[in-house]
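An overview of the molecular structure
Single-letter residue listing:
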Amino acid sequence: MTQNPLLVVMGVSGSGKTTVGAAIAQRLQVAFADADAFHPPENIAKMTSGRPLDDDDRLPWLETLGGWLAAHEHTGAVLSCSALKRSYRDRLHDHASGLLLLHLAGSPEVVEARLLARAEHFMPQSLLRSQFATLEPLAPDEQGMTIDVDQDIDTIVDQYLASMNLASKEPA
């Protein structure tokens with residue numbers, strides 16, 4: 001692959017989407033965004049109170065994310081986004097046909113430990129179970145791959161870049 005990818009790093013809360021996504025974007029020297037920054041205040045308030053979002057809550061947010069992806073389709077970019085359901089990923093793909101997916105997967109125990117170690121995030125640990133219940137792993141016909149999160153960030157990033165035949169653009 002010679003062109004910079006348009007990539008969504010997906011997974012449940014606490015899987016490392018933002019950290020891994022930002023690291024990949026830095027290595028490739030492309031734009032990065034965290035989908036959490038695009039949530040309207042009502043969504044954040046709902047999650048902060050311990051209530052999971054439903055599809056109606058997510059639709060306008062997904063449309064906004066799709067617009068961001070479409071704006072970066074020719075330059076490449078990385079977006080960290082839960083993208084838990086196939087229908088959510090399809091909606092993003094509707095905006096950006098070349099979209100690739102990286103699913104950061106881990107056991108509930110590993111992800112919960114990571115989530116508990118994280119400070120200052122609006123997503124309470126109590127919603128993790130609902131996220132795992134909602135999660136639809138990548139289907140064989142989706143352009144993407146799954147990597148286990150129970151390893152260090154550099155290993156995850158190196159594994160992804162190697163699998164996509166992408167070289168880091170950062171000076172060594």
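You'll find the structure just up there.
Let us look at the structure shown here. (Residues numbered from 1 in each chain as written. Predicted model: local features only at pLDDT ≥ 70, side-chain atom pairs only at ≥ 80, totals over all residues. Heavy atoms only, no water.)

1. A few points about the overall build of the protein
Per the secondary structure count, the protein includes seven helices and five strands. Residues classed as buried in the protein amount to 44% of the 172 residues present. For the protein, contacts bridging at least 24 residues in sequence account for 79% of all contacts bridging at least 6. Carbon together with sulfur atoms contributes 52% to the accessible area of the protein, which is approximately 8400 Å² in total. (Helix = DSSP H or I, 4+ residues; strand = E, 2+ residues; numbered from the N terminus. Buried < 20%, exposed > 50% of the residue type's maximum accessible area, 1.4 Å probe, protein only. Contact = heavy atoms within 4.5 Å. Areas by Shrake-Rupley, 256 points an atom, 1.4 Å probe, with all protein chains shown as cover.)

2. Points about the sheet that holds strand β5 (residues 144-148)
With parallel pairing, the five strands of this open sheet are ordered in space as β2-β3-β1-β4-β5. With partners counted over all chains shown, the strands left at the sheet margins are β2 (31-34) and β5, one partner each. With direction set aside, neighbouring strand axes in the sheet form an average angle of 20 degrees. In the sheet, strand β4 (residues 99-105) pairs with β5 via five bridges, with the strands oriented parallel. In the sheet register, Leu104 faces β5, and the bridge partner there is Ile147. The strands that helix α7 (residues 153-163) touches are β1 (6-10), β4 and β5; relative to β5, the one it contacts most, it runs at about 155 degrees. (Pairing = 2+ DSSP bridges. Axes fitted to C-alpha atoms, helices over the stretch in contact; angles between N-to-C directions.)

3. Some thoughts on helix α1 (residues 17-28)
Helix length check: α1 (twelve residues) gives 16 Å between terminal C-alpha atoms against 16 Å at 1.5 Å per residue, within 8%. Residues of α1 that are buried include every one of Lys17, Val20, Gly21, Ala23, Ile24, Ala25, Arg27 and Leu28, and no others. Along its buried surface, α1 packs onto β1, β2, β3 (77-80), β4 and α7. Count one or two residues on from α1 and you reach Gln29, which has phi positive near 55 degrees. (Expected span 1.5 Å × (residues − 1).)

4. Remarks on the nonpolar core
Residues Val8, Ile24, Leu69, Leu79, Cys81, Leu102 and Tyr160 are the most contacted members of the largest nonpolar core, which totals 47 residues. Apart from the residues lying within four places of it in its own chain, the contact partners of Val8 are Leu69, Leu79, Cys81, Ala83, Leu92, Leu99, Leu100, Leu101 and Leu102. (Core = buried A, V, L, I, M, F, W, Y, C linked by side-chain atoms within 4.5 Å.)

5. Here we look at the pairing of β3
Burial along β3 is two-sided: the residues Ala77 and Leu79 and Val78 and Ser80 are all buried. As judged from the four bridges shared by β1 and β3, these two strands associate in the parallel manner. Of the residues in β3, the one forming a bridge with Val9 is Ser80. Pairing analysis gives four bridges linking β2 to β3, with the strands arranged parallel.

6. Points about unusual backbone geometry
If you check the backbone angles, Gln29 has positive phi at about 55 degrees while not being a glycine. Looking at the element boundaries, Gln29 is found in the loop between α1 and β2. Residue Gln29 is classed as exposed on the basis of its relative accessible area of 54%.

7. Digging into the side chain of Arg58
Take Arg58: it is sitting in helix α3 (residues 55-71). Within the buried set, Arg58 has no salt-bridge partner at all; the shortest N-O distance to an opposite charge, 5.0 Å, is to Asp55. Side chain to side chain, Arg58 and Tyr88 meet in a polar contact 3.3 Å long. Excluding residues that lie within four positions of it along the chain, Arg58 makes contacts with Leu53, Ser82, Leu84 and Tyr88. (Lys, Arg positive; Asp, Glu negative; His and termini not counted. Salt bridge = Lys/Arg side-chain N within 4 Å of Asp/Glu carboxyl O. Polar contact = N/O pair within 3.5 Å; in protein donor to acceptor, adjacent residues only side chain to side chain.)

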